[in-house]
Amino acid sequence: MMTMWDELHALQSGVADRRIQTLFDDPARFYAFSARFDGMLLDYSKTNIDDAIRAALIALAEAAGLPEARAAMFGGERINRTEGRAVLHTALRAPAGSVIEIGGENVMPEVEETRARMARFATTLRSGAFKAQGGRVTDVVNIGIGGSDLGPAMAVAALAPYHDGPRCHFVSNVDGAHIHDTLAGLNPETTVVIVASKTFATVETMTNAATARDWMAASVADPGAQFVALSSAEDRAAEFGIAPERVFGFADWVGGRYSVWGPIGLSLMIAIGPDEFSAFLDGAAAMDAHFRDAPPEENLPVLLALTGIWHRQICGYPSRAVLPYDQRLALLPAYLQQLEMESNGKRVAMDGADLTRPSGPIVWGAPGTNGQHAFYQLLHQGTDIVPCEFMIAAEGHEPSLAHHHALLVANCLAQSEALMKGRPLESARAIMAAKGVHGDEAEIQARHRVFPGNRPSTTLAYDRLTPRRLGQIIALYEHRVFVEGVILGINSFDQWGVELGKELATALGPVLSGDEDAEGKDGSTAGLVTFLRR
C-alpha cells in the first residue's frame, strides 16, 4: 500500500529533471506559491513544488496529526514526552489576560507578574534610578550559553536602531579569552552582570560568572548588588550574593532555545525598553495566532516547513543555507542553527524506534552580501544542491543611505534568480566568442562559466526590521521547526545529544589537572592528554 511518503517520492521522481524556471510559464505562479501575513511575504515559487506536490505535502502533515499536535502544544499538554513537560514558550508572549492552562492551572498570572517585574527593573536601570556603586549603569553583560545567549545576543544586535539604554555585551564561551576581552573595556563600578542559567549550575556560565564577580569585587564593596539572575534556582542565586528582587525565574515548560520571550530576554528589554519589548512579544503572538488559524495554503510556518520537508526528506538535500540580507541579522543563522539542529537533529522517533528517513538538515549561513564573496561559489557551481532561504526588508533604518539598501535588495533578488536560471553552455560559449577567444581554449573557458541553475530558494520579504517584525520572524521559524518535527514523528523539545560530551568533560577534568591518570581512555584521548599536560 502506497504511503504519503511514497507518493511524494513518486512525484519527485516525475519532476527531478524539470527546470524550476519552466513553472513560470504560468503567469500566476508567483501569486499561487507565495503567502502573505501582516507586512511579510513568503515566496516559495522558486522551488519545484507544484499544485500536486503541495497538496501531497499538506496531506502528509495532516496524516501526521499536525492539527492535533498544534492544539496539544497550545493547550499545555505534555508533548515533550521524554522529559514529561509541556511546551509553552508561546505563553511568554501571550496577550495579558489570556488563559493558558497546564493541568487545569492557569500559568498566565505568574507569566504576567514576572513580565511586570522585568519591566520595572529595566525601567529603573534605564532611567538611572537603579544605580551601580559607581553611579548610573553604563553597561550590561549577559553571561549565558546556548539559548541563554544566542537568543538575546541575536535580538539585541538585530534591533540596534531601537537601543536607548545601556550598552549590552554577551559572554558565552568558557574560553577565558571571551570574558577577558569583554570585560577589558568596561568599568566594574558602572556595570551590571546578568547570569542566565535556569539551574544556576551550568558549568560554562557559572565559571564565567565567578570570574566576573572576582573582577567586580576588586573595585566595588558589594559585587552581588550589581548581579542579576535569570534562574529558577533562587537559593543558589542567593548563595552567589544576588537578592531575590533581582532573580527572575521561569518554568520548566520553557526550553532554552525558546526562552528569549521571557526573563532570558531581559538584556533586550534593557536595551530597547519595555514598550519596544512588548512590540517584540506582540509580533510573536500575532504569528502564533496566524499559525493556529490560517489554512495550510496560507500558513507561513506550515508552508516553510513543508518546503523544508520537500527539500530534505524527499529531494535528499542535506543542508540549507539561511541568508539574511541584513547585517543586523548576522547572528540569525547561528540562532536558527541551534533552534533547528538541537530540536530536530534526532535519530529516533517518539516511540524510541530508529528513524527510517533523514531527520533535520544541517543549517548554516551568513548575511548577504558578505556570503557572496565567500561561499556562494559552492551554492552556484558546487556539486551539492543547497536550498537557500533569503531574507530581505523593503527598506532600512538609514534614509540617508537608501542607495546602499537599493544595492542590497538588488543583490538579494539577483542571487535567487541566478540560482534558478543558471547559465547554459551555449551562453558561456557566446561570452567567450565576444571576448575573441576561440577553439579549444574557448571551450575550456566556457565550461568554467557554466552555472547549472535549477537550484531552489525561498525568500522572506518584509517591510522593515522592527521589534514586531523580528518577533514574527523568530516565531515563524519556531513553528516551522515544530511542524517538521511532527511530520518526522520526533520530539523537537529535548536535547539529549548534548549530555554525553558534558559527562566526559567532567570526568576529564581531574585527568588534565594530573590528579588522575588516563587509564581507561582510548589511545587518542590519552595521547592528547599527555601532550597537552606537557
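Worth saying up front: this structure is predicted, and the values here are computed from it rather than measured.

S.K.: Whenever I open this one, the pairing of strand S10 (residues 227–230) confuses me. Can you help?
M.R.: Side chains Phe 227 and Ala 229 of S10 all project onto a buried face; the interleaved residues Val 228 and Leu 230 project onto the opposite face, where all are buried too. At this point the chain moves from strand S9 (residues 191–196), through helix H8 (residues 203–217), to the parallel S10, and the crossover so formed is right-handed.

S.K.: Just to check I follow, could you spell out the pairing of strand S12 (residues 362–365) for this structure?
M.R.: The two faces of the sheet receive side chains in turn, since in a regular strand these alternate between them. Summarising the sheet, strand S11 (residues 319–324) and S12 pair through four bridges and their orientation is parallel. Opposite Ala 321, over in S12, you have Trp 364 as the bridge partner. For the handedness criterion, the β-α-β arrangement of S11, helix H13 (residues 332–344) and S12 is classed as right-handed.

S.K.: Where do I start with the pattern of salt bridges in this structure?
M.R.: Pairing between side chains of opposite charge can happen when their charged atoms approach one another. Per the stated rule, a full pass over the model turns up 25 salt bridges. Across the pair Arg 320 and Glu 484 runs a salt bridge whose closest N-O atoms are separated by 3.2 Å. Of this pair, Arg 320 sits in strand S11 while Glu 484 sits in helix H18 (residues 467–488); the two residues are 164 residues apart in sequence, bridging distant segments of the chain. A residue is classified by how much of its surface remains accessible, and Glu 484, at 3% relative accessible area, is buried.

S.K.: Is there a simple way to think about the sheet that holds strand S13 (residues 388–393) in this case?
M.R.: Strands belonging to one sheet form pairs held by backbone hydrogen bonds; the direction of such a pair is parallel or antiparallel. If you walk across this open sheet you meet the six strands as S1-S2-S14-S13-S11-S12, and the pairing is mixed. Each edge of the sheet is formed by a strand with only one pairing partner; in this case those strands are strand S1 (34–37) and S12. Across the sheet, the axes of successive neighbouring strands diverge by a mean angle of 15°, strand direction being ignored. In the packing of helix H15 (residues 402–421) onto the sheet, the strands contacted are S13 and strand S14 (457–462), and the crossing angle to S13 comes to about 155°. Against the sheet, H18 contacts S1, strand S2 (40–43), S11, S13 and S14, and its axis sits at roughly 150° relative to S14.

S.K.: Could you clarify how one ought to interpret the side chain of Arg 115 in this entry?
M.R.: Following the sequence through the fold, Arg 115 ends up in helix H5 (residues 108–127). One buried charged side chain, Arg 115, makes no salt bridge at all; its nearest oppositely charged neighbour is Glu 112, positioned 5.9 Å away. Polar contacts involving the side chain of Arg 115 include one to the main-chain carbonyl oxygen of Ala 94, which spans 3.2 Å. Discounting residues that sit within four places of it in the chain, Arg 115 has contacts with Ala 91, Leu 92, Arg 93, Ala 94, Ala 96, Met 108, Met 269 and Leu 281.

S.K.: How should I be thinking about the state of the cysteines in this particular structure?
M.R.: As used in these notes, a disulfide is a covalent bond between sulfur atoms, one from each of two cysteines. Tallied over the entire structure, the rule returns zero disulfides. Note on Cys 388: no disulfide assigned, nearest cysteine sulfur contributed by Cys 412 at a separation of 10 Å. The exposure class of Cys 388 is buried, given its relative accessible area of 1%.

S.K.: What am I meant to see in the packing of helix H1 (residues 4–15) against helix H3 (residues 51–63) here?
M.R.: Axis angle and axis distance: for two packed helices, these are the angle between their axes and the distance between the axes, and together they describe the pair. Between H1 and H3, whose axes approach to 10 Å, the crossing angle comes to 160°. Judged by the inter-axis angle, H1 sits roughly antiparallel to H3. Read as a crossing pair, H1 and H3 show a hand that is left-handed. Counted together, Met 4, Trp 5, Glu 7, Leu 8, Leu 11 and Val 15 of H1 and Ala 52, Ile 53, Ala 56, Leu 57, Ala 59 and Leu 60 of H3 form the full contact between these two elements. Class assignment for the residues of the contact of H1 with H3 results in 11 nonpolar, no polar and one charged.

S.K.: Teacher, can you tell me more about the packing of helix H12 (residues 300–314) against H18 here?
M.R.: Look at H12 against H18: their axes get within 8 Å of each other, and the N-to-C directions meet at 50°. Classified by the angle their axes make, H12 and H18 are oblique. Considering only the axes of H12 and H18, their crossing is right-handed. Touching Leu 300, Pro 301, Val 302, Leu 304, Ala 305, Leu 306, Gly 308, Ile 309 and Gln 313 of H12 are Leu 476, Tyr 477, His 479, Arg 480, Val 483, Glu 484, Ile 487 and Leu 488, all from H18. Here the residues of the contact of H12 with H18 sort into 12 nonpolar, three polar and two charged.

S.K.: How should I be thinking about the packing of aromatic side chains in this particular structure?
M.R.: Here a ring pair, both rings aromatic, is described through the centre-centre distance and the interplanar angle of the planes. With the rule as written, the count across this model stands at 15 aromatic pairs. When the centroid spacing of 5.4 Å and the interplanar angle of 50° are considered together, the rings of Tyr 258 and Phe 493 count as tilted. Residue Tyr 258 is found in the loop between helix H9 (234–239) and helix H10 (266–272), and its partner Phe 493 is found in the loop between H18 and helix H19 (499–513); the two are separated by 235 residues along the sequence. Accessibility classification places Tyr 258 together with Phe 493 in one group, the buried group. Lying across the ring of Phe 291, Arg 70 places its NZ or CZ 5.2 Å from the centre.

S.K.: Honestly, the sheet that holds S10 in this entry has me stumped. Any pointers?
M.R.: The strand order S8-S7-S9-S10 describes an open sheet built from four strands, whose pairing is parallel. Each having just a single partner strand, strand S8 (167–171) and S10 make up the two edges of the open sheet. The sheet shows a mean angle of 20° between the axes of neighbouring strands, taken without regard to direction. Across four bridges, S9 lies against S10 in parallel orientation. In the sheet register, Val 193 faces S10, and the bridge partner there is Phe 227. Strand contacts of helix H7 (residues 176–183): strand S7 (139–143) and S8, with the helix running at about 165° to S8, the strand carrying the most contacts. Those strands touched by H8 are S7, S8, S9 and S10, and its axis lies near 160° from that of S9.

What counts and how
- Residues numbered from 1 in each chain as written.
- Predicted model: local features only at pLDDT ≥ 70, side-chain atom pairs only at ≥ 80, totals over all residues.
- Heavy atoms only, no water.
- Buried < 20%, exposed > 50% of the residue type's maximum accessible area, 1.4 Å probe, protein only.
- Helix = DSSP H or I, 4+ residues; strand = E, 2+ residues; numbered from the N terminus.
- Right-handed = clockwise from strand over helix to strand, strands pointing away.
- Pairing = 2+ DSSP bridges.
- Salt bridge = Lys/Arg side-chain N within 4 Å of Asp/Glu carboxyl O.
- Axes fitted to C-alpha atoms, helices over the stretch in contact; angles between N-to-C directions.
- Contact = heavy atoms within 4.5 Å.
- Lys, Arg positive; Asp, Glu negative; His and termini not counted.
- Polar contact = N/O pair within 3.5 Å; in protein donor to acceptor, adjacent residues only side chain to side chain.
- Disulfide = S-S within 2.5 Å.
- Parallel < 35°, antiparallel > 145°, perpendicular 65-115°, else oblique.
- Left-handed = near helix turned anticlockwise from the far one by under 90°.
- Nonpolar A, V, L, I, M, F, W, Y, C, P; charged D, E, K, R; others polar.
- Phe/Tyr/Trp six-rings, centres within 6.5 Å; stacked < 30°, edge-to-face > 60°.
- Lys NZ or Arg CZ within 6 Å of the ring centre and 35° of its normal.

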